[in-house]
Structures are given as structure tokens and as C-alpha cells.
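Residue-level listing of the chains:
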Amino acid sequence: PVYHGLTGPRVKTVVDGLGSMDVSNLQSDHPVMVDPFSANRIEVLEGPHAILHGSEGIGGVISVDTGRLPAESPEDGFSGKFSINGIDNASATTMVGSVDLGSGPLVLHADMLYRDASSSDIPGCVESEYLHALHDDGDDDHDDDHTDDGDHADDDDDHGDDDEHIEECGTVSNTYIELTHGSLGASYLFDNGYVALSHTVNDSLFGIPVPHAHGDEDDHGEEPGHDDDDHGGDDDDHGGDDHDEEGPENAAIDQIQNRTNFRLKMNNVSDAITSLKIDAGVSEYEHREFISETGEVEATFLNDAFEMRIEAGLARSYDSTIGFHLTSREYQVLASDPVPPVTGTRLGVDWLTARPLGSGSFELGLRAETKQVDSEDFGKRDFTNYAIAASLRSAEDANWQVSATATSLSRAPMVEELASHGLHLASNSIEEGNPDLANEGLQAIKVGVNGRTGAFETM
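Note that residues are indexed from 1 along each chain, following the sequence as it is written. Where local features are concerned, this predicted model is filtered to residues with pLDDT of at least 70; where side-chain atom pairs are given and counted, the filter is 80 or more; whole-chain, interface and lining totals use all residues. Note: side-chain values were computed over all heavy atoms of the structure, leaving out hydrogens and water.

**Quick word on the nonpolar core**
Condition: Note on terminology: a nonpolar core comprises buried Ala, Val, Leu, Ile, Met, Phe, Trp, Tyr and Cys residues joined through side-chain atoms within 4.5 Å. Residue burial is assigned from relative accessible area. The probe radius is 1.4 Å, only protein chains are included, and a residue is buried under 20% of its type maximum, exposed over 50%, and partly exposed in between. For helices the rule is a DSSP run of H or I covering at least 4 residues; for strands it is a run of E covering at least 2, with both sets numbered from the N terminus onward.
With 16 residues, the main nonpolar core has Phe 301, Tyr 331, Val 333, Val 339, Val 342 and Val 373 as its most contacted residues. Secondary-structure elements contributing two or more residues to this core are strand 14 (297-314), strand 15 (319-335), strand 16 (339-357) and helix 5 (415-419). Ranked by residue count, the leading element in this core is helix 5, at three residues. Of all hydrophobic cores here, the second largest spans eight residues; its members include Leu 52, Ile 58, Ala 387 and Leu 409.

**Remarks on the packing of aromatic side chains**
For clarity, the cut-off: The pairing test for Phe, Tyr and Trp rings, Trp by its six-membered ring, is centres within 6.5 Å, and the orientation test on the planes gives stacked under 30 degrees, edge-to-face over 60, and tilted for anything in between. Counting as a charge over the ring demands two things of the Lys NZ or Arg CZ atom: a distance within 6 Å of the ring centre and an angle within 35 degrees of the ring normal.
The final tally for this structure, using the stated rule, is zero aromatic pairs. Positioned above the aromatic ring of Tyr 318, the side-chain terminus of Arg 355 is 3.9 Å from the ring centre.

**Things to note about the pattern of salt bridges**
For clarity, the threshold we go by: Salt bridge criterion: a side-chain nitrogen from Lys or Arg within 4 Å of a carboxyl oxygen from Asp or Glu.
Taken as a whole and assessed by the stated rule, the structure comprises 19 salt bridges. Arg 41 is the salt-bridge partner of Asp 65, the closest N and O atoms lying 3.6 Å from each other. Taken together, the residues Asp 65 in strand 4 (residues 61-65) and Arg 41 in strand 3 (residues 41-45) connect sequence positions 24 residues apart. One salt-bridge network, held together by shared partners, links Arg 309, Glu 311, Asp 350, Arg 367 and Glu 369.

**Quick look at the sheet that holds strand 1 (residues 12-15)**
Note the following rule: Strand pairing is defined by DSSP finding a minimum of two bridges between the two strands.
With mixed pairing, four strands are arranged side by side in an open sheet as 2-1-4-3. The open sheet has two edge strands, strand 2 (18-19) and strand 3, and neither has a second partner.

**Re the state of the cysteines**
Such a bond, covalent and formed between the sulfur atoms of two cysteines, is termed a disulfide. Spelled out, the test is: Two cysteine sulfur atoms make up a disulfide if the distance between them is within 2.5 Å.
This model, assessed by the stated rule, comprises one disulfide. Covalently, Cys 125 is tied to Cys 169 through a disulfide, its sulfur atoms 1.9 Å apart. Of note, the bridge from Cys 125 to Cys 169 carries an S-S torsion of about 85° and is right-handed in sense. Here Cys 125, found in strand 8 (residues 120-125), pairs with Cys 169, found in strand 9 (residues 169-172); they are 44 residues apart in sequence, far enough to count as distant. Using a relative accessible area of 33% as the deciding quantity, one classes Cys 125 as partly exposed. Residue Cys 169 is classed as partly exposed on the basis of its relative accessible area of 40%.

Given below as C-alpha cells:
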């Protein structure tokens, strides 16, 4: 996601209270392993509420509630939803459904999402007129060189079609996608809370458009780990182009994540603690970047992660919450230029308070965390980060609401920023991490005005 011009490791995605535990912060070709169609609610957190989720949310936090950890029984013992969405461009189809069952203390949940699309159609050509003109000028200069130099008169016989620029129009090749997400969950409800467990499998296969690539998409190449009957097919299924010429190799990504979430929530725990919530999760993530035409795997990204967050509401005359946050991950890349295992462990403590101020409200959040990164390449690095954020809001029931948020915090570099190196096939780039990176700081002030007048709303 992009928020306030920031993205990647500066905007954090939270799924059911915990991080997405994937490698979406590395490059834009690595999507977040949660789909908006699977969400019951999506919130954008900033200020005091954002800093509770760690320094990766330096630019903001996107919080996704999937409903996979039911907090109550469905009305009449059953609730569900199902939808099918279709788009004529790329023959895209999305099917999503979920169901909750239970009238007693036990509530069961299941959901599934499936998406299939071929390569996307466009009204014009992939290249802009400017780039097309550059290629034409280059071809003219190349022809002039061959004409002026008799020694190279027969070079065309050697180069064949390599010197000929192939223009792609009408379709952006290698932009197909096939995605399947499925989850099972269960909750046990008791008088002052509930305990819940869910397991989710996210599996997807998609192509990455490479500049000037015109490979054959008849069956997405030889996708490793995917049967041709499942992901194969002809051009009618996944939009292969009609070019016979072969250009640079197309890249594709085959990714899978197995994720388990646990939650315990209790109210009225004791005289000192009004509420207690424990979220814990473990994830195994893997994705392979391969050449579509041959199925040859260029790199395999592995990320095993664990995260736990404990929040306790304190018995005060105003709302006050203290939290403890632990994350641990092991990241590595298997490739011709590999990244050996890198571990990152972080421990944080935070405090959030909210109290009325006149007819409005005031919130203050504080957080301190320590992080250690351990690599076979560069050894150990230790980081300490602090954050403070405050917000003021006028009364919410007024037609006009004014808000102001001030934030000062720092972010430790992600393990990918420290350890990455080598060619990245899917993004067609060379990445080089810097193990000497230091903390990154941000200070921000945001003022907002929301207004409602009849049927109109102004922000």
C-alpha cells in the first residue's frame, strides 16, 4: 500500500492484529498476502494508534479485519456472504464467500477467495510515443552504420531479428494472475471473553511484465509446483499474445503462505486490569521467481515469522492501555547469488491513553523497542527506537470536526534493506543492501477538517 507518499517498509499492513509476515516490503512485485475482498473491515491508523504496531508503520498502518476469529455467535446461528465479480478486460473473475456457524459457545468460520485473469488489454501500445521514437532513431542509426561500413554489410545475417524492435500493442503480456485464499477458524465464547484459532493458506501465481518481453504465454511456461492442468491453458484462457518473435524472458512468481492466528480476549480480568487481549501468530512463507518460458527457478524467497502482542486495559478514570510486542523472523534467498539466513528479533513496549478534553478528545501514545539482526554475512546489529504521537479531535457529533496529529518516531532498517544483494529477476533490477544503515527518523504534523452539510461531506 501507498499512504501519504510512503510505501514499502514505511507502511505496515496488519491482519487480524498482527503483521502480514510476508516479504511485501521488499519490492512492489511482492504483494501483501491478504486480499481486500477477504476483509470485513479495513482501517487506516496513524498517530498514537499506529505506533503501537512497531516502527515499520512510520508512515501509517493499514489494519485489516478478516473475521476469521469470531468474537460472537451469528444471529440465528448462521451468517454468510457470497459474491462473484467479473471484468471483461482480461476476462477477470473473482469469487469470494464466507460462512459463520454456531448458536452456542462454539462458533465455526470458513472463507474462500478465487481470482483468475489473463493478460490485461490496453487501448494503445505499451511504450509511450517518446520511447517508440527513441527506438526508431536507434534503428535508423544502426542501419546507417552498417551501410557506411562495408565490413559489416552481412551483419544482419548474424543478428537476425535481434536488431529489430518489436512493438507491443493491445495487450500487456505476462500480466495474468491465478489466486486462491482459504481459511478455517473457530472460537469458543465464555462469559467475559473468547478464545479463537484460525489457519489460512494463501496461494497465488502471476506474471510480471518485463519491458519489451514477448514470450509465449500459452501455458505460463513450466510453473514449478503447479500442474499444467491447474494453471496451464491456451491463449484464450490467459491472454497470450500473437507474436512469434522471442524477446527477453518473462518473469513469474509462484507464492504460498501458511499462517496460523491465535487470540484470547477477556474483559473484567481484575480490579487493576479491565481487559486483556493476546494475539499470536506463526507464518511460513515461500515464493519462487522463475522464467515463464522454461520454468527455470531463478530465486526462492523464504520467510518464517512469529509475532505476539499482549494488550492490557488499566483501571483508570480514563482509558489507558499498556502493550508488549514480540516479533521474530528468519529470512533467506536461495539463488545463484544467495542471501544466507538473516534473523531479526524485536521487543517493544507501548502505552496509549485517551481522555476527554472539553467537548473533544485527546490521545497520547508512547513506544520504545529494541531490535537485533543477526546475519552470517555481516554479524550482529542492534537498534533502539522510540516513538511519541499525540492527537486532538473536536466533538464527533458536530457538523464540522477539526483534528490535529503530531508524531515523532524512528524506524530500524528491515533485514532486506541490510542483507539483500544480487539480481532480482521479477523487478529486473540489481539490489544491494547496506549492513551499515542506521535508524531513519520522521517528524510529522497533520491537520484535518471534516465537514458534513446535508448530502455533502468535505475532508
